[in-house]
Amino acid sequence: MSSAATTSGSASRWGPLWGARARDWAAVEEQQAPTYEEGLRRAGLERGQSVLDVGCGTGVFLALAAARGARVHGVDASEDLVALARERVPGADVRVGEMEALPFGDDSFDVVTGFNSFFFADDMAAALGEAARVSKPGAPVVLQVWGDPERCDLEAMKRAVAPFMPASPPGAPAPPELWRPGVLEEVAAAAGLRPERAFDLTWAFEFADDDHLARALLAPGGIVRAVDLAGEDAVRAAIVEAMAPYRTPGGGYLLRNEWHYLLARA
Ligand SMILES: C[S@@+](CC[C@H](N)C(=O)[O-])C[C@H]1O[C@@H](n2cnc3c(N)ncnc32)[C@H](O)[C@@H]1O
């Protein structure tokens, strides 16, 4: 196990935000196993191969890959999430670091993955270029982003917190719609990856009650930022109200979300 303790750029901004509610985020990540299983299946990860997960969070993907006999490596901006990943996967090589300047050598990995992570980079093409650099030639690189907003119940959470966030500077470009056919392919190709196949997966988060919902949805780094600006009570109330359409008769919540993937080659 080793650690590059320095972060820079977008990692230094996002790390403390993602680490602020690390245990609550760990529980969210545990529900995301279907996303990771699909990534493993599509990458065709084999026993003994080395895999790097970029933006590995608390290491749920790393644990699943290790259970398949892979040699697992992770990098994340958050020291707190990296600590939980090391706890979850003892002996794994999990480092605090910047995805735009990965702390690994060229041609190191048989498989590289990034689940809901690459779009946090200030320069996503630079981060994907790094994924290409550290992959062995021809290695699968699995990129996963949010799916079509029309099929993402969690978009309601984003809409609920938007009023608490600072307005974008005038003239700032809208974020790319990475779920649209061809968009992620274009960013990946510009970074030197060879897009192979795009696909989508849908599954549902389940939360037992308001408290469980609020703990989970207050944990992502972007929401922590809203809480810092507007206070927990206001953000919590807005999120619980926005999620009312997804309440089940038993008082729990079921949130279906689509996830968009690109399998590319280094
Ligand atoms: C949405 S979470 C994804 C975590 C996990 N992969 C998952 O599937 O849920 C985004 C992760 O990216 C990390 N992150 C954000 N910016 C980063 C950067 N510039 N370099 C490295 N990690 C970064 C955050 O700390 C966080 O753990």
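Residues numbered from 1 in each chain as written. Predicted model: local features only at pLDDT ≥ 70, side-chain atom pairs only at ≥ 80, totals over all residues. Heavy atoms only, no water.

A. Quick look at unusual backbone geometry. Located in the positive-phi region is Asp-107, a residue other than glycine, with phi close to 55°. Along the chain, Asp-107 turns up in the loop between strand E3 (93-96) and strand E4 (111-115). Non-glycine residue Asn-116 carries a positive phi angle of around 50°. Relative to the helices and strands, Asn-116 is located in the loop between E4 and helix H6 (124-134). (Helix = DSSP H or I, 4+ residues; strand = E, 2+ residues; numbered from the N terminus.)

B. Highlighting the environment of Arg-42. When you line up the elements, Arg-42 lands in helix H3 (residues 33-43). Classification of Arg-42 by relative accessible area gives partly exposed; the value is 29%. Other than its neighbours up to four places away in sequence, Arg-42 contacts Arg-197, Phe-199 and Leu-263. (Buried < 20%, exposed > 50% of the residue type's maximum accessible area, 1.4 Å probe, protein only. Contact = heavy atoms within 4.5 Å.)

C. Just the pattern of salt bridges, in detail. Inspection of the entire model under this criterion finds 19 salt bridges. Among the salt bridges present, the one from Arg-265 reaches Glu-196, with a minimum N-O distance of 2.8 Å. Here Arg-265 is found in strand E7 (residues 253-265), whereas its partner Glu-196 is found in strand E6 (residues 194-207), with 69 residues between them in sequence. On the basis of relative accessible area, Arg-265 is assigned to the partly exposed category, the value being 21%. Taken together, the salt bridges that share partners define one network made up of Glu-38, Arg-41 and Arg-42. (Salt bridge = Lys/Arg side-chain N within 4 Å of Asp/Glu carboxyl O.)

Distances and angles like these do not, on their own, reveal function.
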